[in-house]
Structure formats: structure tokens, C-alpha cells
Amino acid sequence: MYNPKSTKSEEFISHNEILATLDYAESNKNNLELIDKIIEKAKLRKGLSYKEATVLLECNIEEKNKEIFALAEQIKKDFYGNRIVMFAPLYLSNYCINGCVYCPYHLKNKNIARKKMTQEEIRREVIALQDMGHKRLAIEAGEDPVNNPIEYILECINTIYNTVHKNGAIRRVNVNIAATTVENYKKLKDANIGTYILFQETYHKESYEKLHPTGPKHNYDYHTEAMDRAMQAGIDDVGLGVLFGLELYRYEFAGLLMHAEHLEAAYGVGPHTVSVPRIRPADDIDPSTFDNGINDEIFEKIVSCIRISLPYTGMIVSTRENQKCREKVLHLGISQISGASKTSVGGYAEPEPEEENSAQFDVSDNRTLDEVVKWLMEMDYIPSFCTACYREGRTGDRFMSLCKSGEIQNCCHPNALMTLKEYLEDYASTETREIGEKLIKNELDNVPKAKVREIVERNLYNISDGKRDFRF
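Residues numbered from 1 in each chain as written. Predicted model: local features only at pLDDT ≥ 70, side-chain atom pairs only at ≥ 80, totals over all residues. Heavy atoms only, no water.

Asker: When you look at the packing of aromatic side chains in this model, what are you seeing that I'm missing?
Answerer: Any pair of aromatic rings gets described here by the distance separating the centres and the angle formed by the planes. Applying the stated criterion across every chain, the model contains 7 aromatic pairs. With centroids separated by 4.8 Å and ring planes inclined at 70°, the aromatic side chains of tyrosine 185 and tyrosine 196 adopt a geometry described as edge-to-face. Here tyrosine 185 is found in helix H8 (residues 182–190), whereas its partner tyrosine 196 is found in strand E6 (residues 196–197), with 11 residues between them in sequence. Residue classification places tyrosine 196 among the buried positions, given a relative accessible area of 0%. Note on tyrosine 208 and tyrosine 220: the rings are 5.2 Å apart at their centroids and 80° apart in plane angle, and the pair reads as edge-to-face. With tyrosine 208 in helix H9 (residues 205–211) and tyrosine 220 in helix H10 (residues 220–224), this pair connects stretches of sequence that are 12 residues apart. For the pair shown, tyrosine 208 and tyrosine 220 are each scored as buried. Taken together, Phe385, Tyr423 and Tyr427 form an aromatic cluster joined through their ring pairs. Lying across the ring of tyrosine 222, arginine 229 places its NZ or CZ 3.8 Å from the centre. (Phe/Tyr/Trp six-rings, centres within 6.5 Å; stacked < 30°, edge-to-face > 60°. Helix = DSSP H or I, 4+ residues; strand = E, 2+ residues; numbered from the N terminus. Buried < 20%, exposed > 50% of the residue type's maximum accessible area, 1.4 Å probe, protein only. Lys NZ or Arg CZ within 6 Å of the ring centre and 35° of its normal.)

Next comes the structure, spelled out in C-alpha cells:
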């Protein structure tokens, strides 16, 4: 029985309810009257149910699909403006006891180099990331209670926050580690993490258990209920995601939105972010083994429909995708991207030797952070290194209420300009700096409140004079 308020995975992710939803969408994919009704509801910018969103995903009426894409782009602008938040992943360790068949970190892979960074190595990696200009990291580690216990993760977070080099500092550490206990989530909360991220991989339980044949991750219920335990521990910013290509994308789409509805129903706040990774080549992994891969056109439709359905939720696309694909989905709903990413354990301070490959997957966008920042600004986006909401306590329902009211724009837009100014002063190439200064000058006119604009202008001057870390 489907129950979005239940904390039992089989009730808030109901297999039968998803199948019924897919049948409903298939039956109504050409129902013009229903599709128009759903689109009109989406225009209210309050979101859609998983069932309504699945109808739009399945719609194959070209004219209506154009409306869906246009609406997604407009909703993205309404809530997130032209800001794009920047981050980088940092892999701490690839020791793992799970048997996930799509991940090269699986226990039986004897080819990949196994690594675990020391605190001094982490400090060097963080300095290298700071010297690029990064302010926000997402830390990653395999599941291994001996090599990667929670104490190791906490020590790494402490090292990252306490490493300061020149004008560099990591101001937000998001955490992507295996499902754990309420007690451990409380420890992460006390360590001042930003968002807790955990990808479901697939919501199809039978497929999930086959894809995770051994190790603690085999337990579908424990994994799927992880966000409930994180919320119960006080972590109110959580990030969902599936790995598209493992199972039929329609099923995953419905399950993902069902999970988002569950968090809203049970805890009063939906996911802070949704990630949309597609399976990529990696050591010991051939994506063609998985026959549910999706092309760019379907991928773009998925992004658009998620944006319409979850207008307040940040959406992330990583360097798994190439420049062309990332450019397209930026317009359709993506609000956060990684730049200059390494998916190896370390690799920022100095390149990893080819014979010591420890990467989780191949990167498709290999540009430097400066090149990515310049590219964004040339498309009139503001690359944002802002971490103010997290540091000012605007998380969970406090962030969502501000976002839904539109008030968040009064903070995010000015903060984006000030953090971009920091980047331009400290890290940018000459050409990137010139483009950025023009962008900031033009964007100041878009700060609606005169008093706020006056403060921003003063802070921008102070940043030029060597001062740092201004925020609303």
C-alpha cells in the first residue's frame, strides 16, 4: 500500500504504484486535454505530483514538448536566476566492501589501485582545490568500516575546514558516503556538513538487489530509508539521485519524484538537490553491459520534467557529461555543476600516474575551472561560489520557505556577485577577469533594492582592496 508519510521503503516507494503510474502515463501520453491541464498547473510554480510529471515525461506531442522545455527554462530563471553554483568532488578513499556491478570500486576488482589519503595528503589536495578557486566540496568514499570508518570521515571534514591557504578556504563540505545510522548522521551534523548526498542508484528493488549482490549495500530497505535517518538526526539538507542507465528511466523518474514527495510529506521539506548522473565507462565497467542507457534527448526531457516538478530544488550535473550536453541542460533546469573534477583518490595536487588509476569513472568535461567559469559567463551565467545559506542557517524548511516566496533572490544574487569577484581577484586569468568585471557591472543593475545594491558595491570595492568573505 502506497503511503508517502510512512518511513518504510516499500510503502513510500511502492512498486505497484509506480507500475500503475507508468500505465497511466502510457495511456494518456496523447491526451491533449490532460496534458494542457498539467502544464497549466505547472505554470503556478508549485510543482507537480510524480503521476502528473510522468505523463509529461511520456508525452510525445512535439508542440507540447516545446512548451515543457520552455516552461522548465522559465521556472529555472524564476527561482535560480542566471546563477550556477560551482563545486568539486574530493575522493578520500576507494576501499569498499560492496559488490556493486556498475562501480569499479567493487570488492572483487583487483585491477584498480586502492588508495586512502592521509590527513596531510588531504590538506595538500584542499590547498590545490583552493588555489583553483573552489569554495565548496563534495567528499566521497567507498563503504569500508575498517578503512573508512565514520571517525576517518569526521577527521577528514575537520582537516578540510581547517586548511586555509592564502585567500583560500573551503566554506562548505557536502558528504556523499554510504547509508549509515542515526547516531552517525548526528555526528556528521555536528561536524557542520552541508548537504548529505546519497544516490539510490535504482528504485527497482529486484534490480537493485541484483546490481548489489554482496556487501551492506545489498540491503535495499536500509539504503532507501537512509534519508529518513539523516532527517531524524537533524540533517535537513539532503540530496537525492539515481544512476540513469541501470533500470528503465521511466521507472527511475517516478521513483525519484515519489521519494521527494515522501520527504516533503514526512518531514516538511523535500530534497535540497537532485542529481542526474548517467552511467559512464570506468575500470572494469563497460556501460554497454547495461541496456537501459538514455540518449541526450531523453536526458534533456528528464531534466526539464524534474525542474517543473520540483521548482525549488537545486539540480546537479557533473563532469560525467560533456560540454555540449551540460550547456543544453543548464538552460533546462540545472543550477549546480562541478568543474575541473577528479574522480580519482586525490589527483588535484599532482596528476595520478596512469599505472595507479583509482578513478571511479571517466570524466567527459576535462576543462580547467577557469575555462568553465569563462564559458559560463560568456553565456551570461553568474558562476557562484556562494555558501552563505548554509553558513547563515538557511537550510531545510528555512531555505525552502525563502525560495518559495522568492525572497532568496535578495541574498543569492548579491552573494553570487561577491563570490565571483573574489574568484576574479584571486584566481582568474586576465581574459576571464575582464569578462567577469563586465558581467558584475551589468548585473549590479539587476539588484532591485537600492540599499542592497549600495552594500554590494561597497563590498565589491573592499574585495578589490583585499578583504574577503562578505555575505547576506
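Asker: It is not clear to me how the nonpolar core should be interpreted in this structure. Could you clarify?
Answerer: Across soluble globular proteins, you tend to see nonpolar side chains buried next to one another. The biggest cluster of nonpolar side chains holds 147 residues, and the ones touching the most others in it are Leu90, Ile153, Ile337 and Leu376. Here the element with the most residues in this core is helix H12 (residues 249–267); it accounts for 9 residues. Not counting residues up to four positions away in its chain, the partners in contact with leucine 376 are Ile84, Met86, Leu330, Ile337, Tyr381 and Pro383. (Core = buried A, V, L, I, M, F, W, Y, C linked by side-chain atoms within 4.5 Å. Contact = heavy atoms within 4.5 Å.)

Asker: How should I be thinking about the packing of helix H2 (residues 15–27) against H12 in this particular structure?
Answerer: Two quantities define a packed helix pair, namely the angle between the helix axes and the distance between the axes. Direction vectors running N to C along H2 and H12 enclose 120°, while the axes themselves pass 10 Å from each other. Overall, the two elements H2 and H12 adopt an arrangement that is oblique. Every pair of crossing elements has a handedness; the one defined by H2 and H12 is right-handed. Two secondary-structure elements touch here, H2 through His15, Glu17, Ile18, Leu19 and Leu22 and H12 through Arg250, Tyr251, Ala254, Gly255 and Met258. (Axes fitted to C-alpha atoms, helices over the stretch in contact; angles between N-to-C directions. Parallel < 35°, antiparallel > 145°, perpendicular 65-115°, else oblique. Left-handed = near helix turned anticlockwise from the far one by under 90°.)

Asker: Sorry, what's going on with the layout of surface pockets here?
Answerer: To find the voids left in a structure, one rolls a probe of water-molecule size over its atoms. In this structure, the second largest pocket spans a volume of roughly 430 Å³. As for the second largest pocket, its lining consists of 24 residues, and the residues nearest its centre are Ser341, Lys342, Thr343, Ser344 and Asn366. Listing elements by their share of the lining of the second largest pocket, those giving two or more residues are helix H6 (119–132) and helix H15 (369–378). Along the lines of polarity and charge, the residues of the lining of the second largest pocket split into 10 nonpolar, 7 polar and 7 charged. (1 Å grid on protein atoms, 1.4 Å probe; cavity = no way out; pocket = protein on both sides within 12 Å on 5 of 7 lines; lining within 4 Å. Points joined across faces, edges and corners; volume = space filled by probe spheres on them. Nonpolar A, V, L, I, M, F, W, Y, C, P; charged D, E, K, R; others polar.)

Asker: Even after reading the chapter, I still don't get the pattern of salt bridges, so can you show me in this structure?
Answerer: Two side chains carrying opposite charge are able to pair once their charged atoms lie near each other. Tallied over the entire structure, the rule returns 36 salt bridges. Between aspartate 221 and lysine 205 there is a salt bridge, with its nearest N and O atoms 3.7 Å apart. Taken together, the residues aspartate 221 in helix H10 and lysine 205 in helix H9 connect sequence positions 16 residues apart. The class of aspartate 221 is partly exposed, set by a relative accessible area of 25%. (Salt bridge = Lys/Arg side-chain N within 4 Å of Asp/Glu carboxyl O.)

Asker: Just checking my understanding: could you explain unusual backbone geometry for this structure?
Answerer: Glycine aside, a negative phi is what most residues show, and trans is what most peptide bonds show. Residue glutamate 201 is not a glycine yet carries a positive backbone phi of 70°. Locating glutamate 201 in the fold gives a position in the loop between E6 and H9. Residue alanine 340 is not a glycine yet carries a positive backbone phi of 60°. Residue position: alanine 340 is located in the loop between strand E10 (336–338) and H15.

Asker: Is there a simple way to explain empty space enclosed by the protein in this structure?
Answerer: This structure, assessed with the given rule, holds 4 cavities of 30 Å³ or more. Within this model, the largest cavity holds a volume of roughly 300 Å³. Residue lining of the largest cavity: 20 residues in total, with Val85, Arg136, Gln336, Phe399 and Cys412 positioned closest to the centre. Elements represented by at least two residues in the lining of the largest cavity include exactly strand E1 (83–93) and helix H16 (388–391). Among the elements that line the lining of the largest cavity, the one with the most residues is H16, at 3 residues. Residues of the lining of the largest cavity, tallied by class, amount to 8 nonpolar, 7 polar and 5 charged.

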